[in-house]
Amino acid sequence: QKEVEQDPGPLSVPEGAIVSLNCTYSNSAFQYFMWYRQYSRKGPELLMYTYSSGNKEDGRFTAQVDKSSKYISLFIRDSQPSDSATYLCAMRSSNYKLTFGKGTLLTVNP
Amino acid sequence: GAVVSQHPSRVICKSGTSVKIECRSLDFQATTMFWYRQFPKQSLMLMATSNEGSKATYEQGVEKDKFLINHASLTLSTLTVTSAHPEDSSFYICSAPEARGLIYNSPLHFGNGTRLTVT
């Protein structure tokens, strides 16, 4: 079993839809959880960073962490074509090494 | 927010030559930087950890003599791919934690990557 599982998609939604992206993990030592957005041929851009169970909201983005289920989610409200990108979940324990999901390719159609 | 700058954005070189990639933290100091490699449609894989003023730490399976890392200052780390071969063609990305000395609870910020093509 891989440490971090993420459905690679592709996921295609109409503009304005609510998008739900998810990752599961097996390592109970993971404490810090991040979501990155990566446009083609660019480096990952940090979207959300959290270290506790529950929800964290930032604009149209909401990150959700459920440590008991080892499950994290990213919700995008009112999705825009500019949100089309690959979304990577990442997590780590008390050391610095990030473990990434494979990324989900999202396309928001106008 | 924190910005990490990486240069060049793409490079094409001949087999056997060496290529240097620079990673700079623009508005913060970074005692530690990380180098990742990403193959097409794959996730990021950590190659090595660059430590200012000391030797880099390499992940298992990464040849330290092939991927030379130098972290000469608090804002600059370089990765040199020596004697490059076509199988070294990949997307190389550097990153740095946002806060100096607090790497264990700081998010990582990434550069825009360098696409290396070895012919």
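Quick note: structure is the one above.
Let us look at the structure shown here. (Residues numbered from 1 in each chain as written. Chains lettered and ligands numbered in written order. Predicted model: local features only at pLDDT ≥ 70, side-chain atom pairs only at ≥ 80, totals over all residues. Heavy atoms only, no water.)

1. What to know about the interface of chain A and chain B
Consideration 1: Facing 20 residues of chain A, the contacting portion of chain B comprises 23 residues.
Consideration 2: For the pair chain A and chain B, the summed buried area comes to about 1,800 Å², and 56% of that belongs to carbon and sulfur atoms.
Consideration 3: Of all residues in chain A, A:Arg41, A:Tyr96 and A:Phe100 give up the largest surface area on contact with chain B, accounting jointly for 31% of the area buried on that side.
Consideration 4: If you look at where chain A meets chain B, you find one salt bridge.
Consideration 5: Note that B:Glu59 and A:Lys97 form a salt bridge whose closest N and O atoms lie 3.2 Å from each other.
Consideration 6: Applying the counting rule to chain A against chain B returns five residue pairs in polar contact (both at pLDDT 80 or more).
Consideration 7: At four residues, the largest contribution of residues to the side of chain A that touches chain B is made by strand S4 (residues 32-38) of chain A. (Contact = heavy atoms within 4.5 Å. Buried area = accessible area lost by both parts, 1.4 Å probe. Salt bridge = Lys/Arg side-chain N within 4 Å of Asp/Glu carboxyl O. Polar contact = N/O pair within 3.5 Å; in protein donor to acceptor, adjacent residues only side chain to side chain. Helix = DSSP H or I, 4+ residues; strand = E, 2+ residues; numbered from the N terminus.)

2. Re the packing of aromatic side chains
Consideration 1: Tallied over the entire structure, the rule returns eleven aromatic pairs over all chains.
Consideration 2: Plain terms: the ring middles of A:Tyr36 and B:Phe110 are 5.2 Å apart, the flat faces sit at 90° to each other, and that makes the pair edge-to-face. Highlighted residues: A:Tyr36 in strand S4 and B:Phe110 in strand S10 (residues 108-110), drawn from two different chains. You'll find A:Tyr36 and B:Phe110 in the same group, each marked buried.
Consideration 3: Pairwise contacts between aromatic rings join A:Tyr36, A:Phe100, B:Tyr36 and B:Phe110 into one cluster.
Consideration 4: Just above the ring of A:Tyr32 sits the side chain of A:Arg92; from NZ or CZ to the centre is 4.7 Å. (Phe/Tyr/Trp six-rings, centres within 6.5 Å; stacked < 30°, edge-to-face > 60°. Buried < 20%, exposed > 50% of the residue type's maximum accessible area, 1.4 Å probe, protein only. Lys NZ or Arg CZ within 6 Å of the ring centre and 35° of its normal.)

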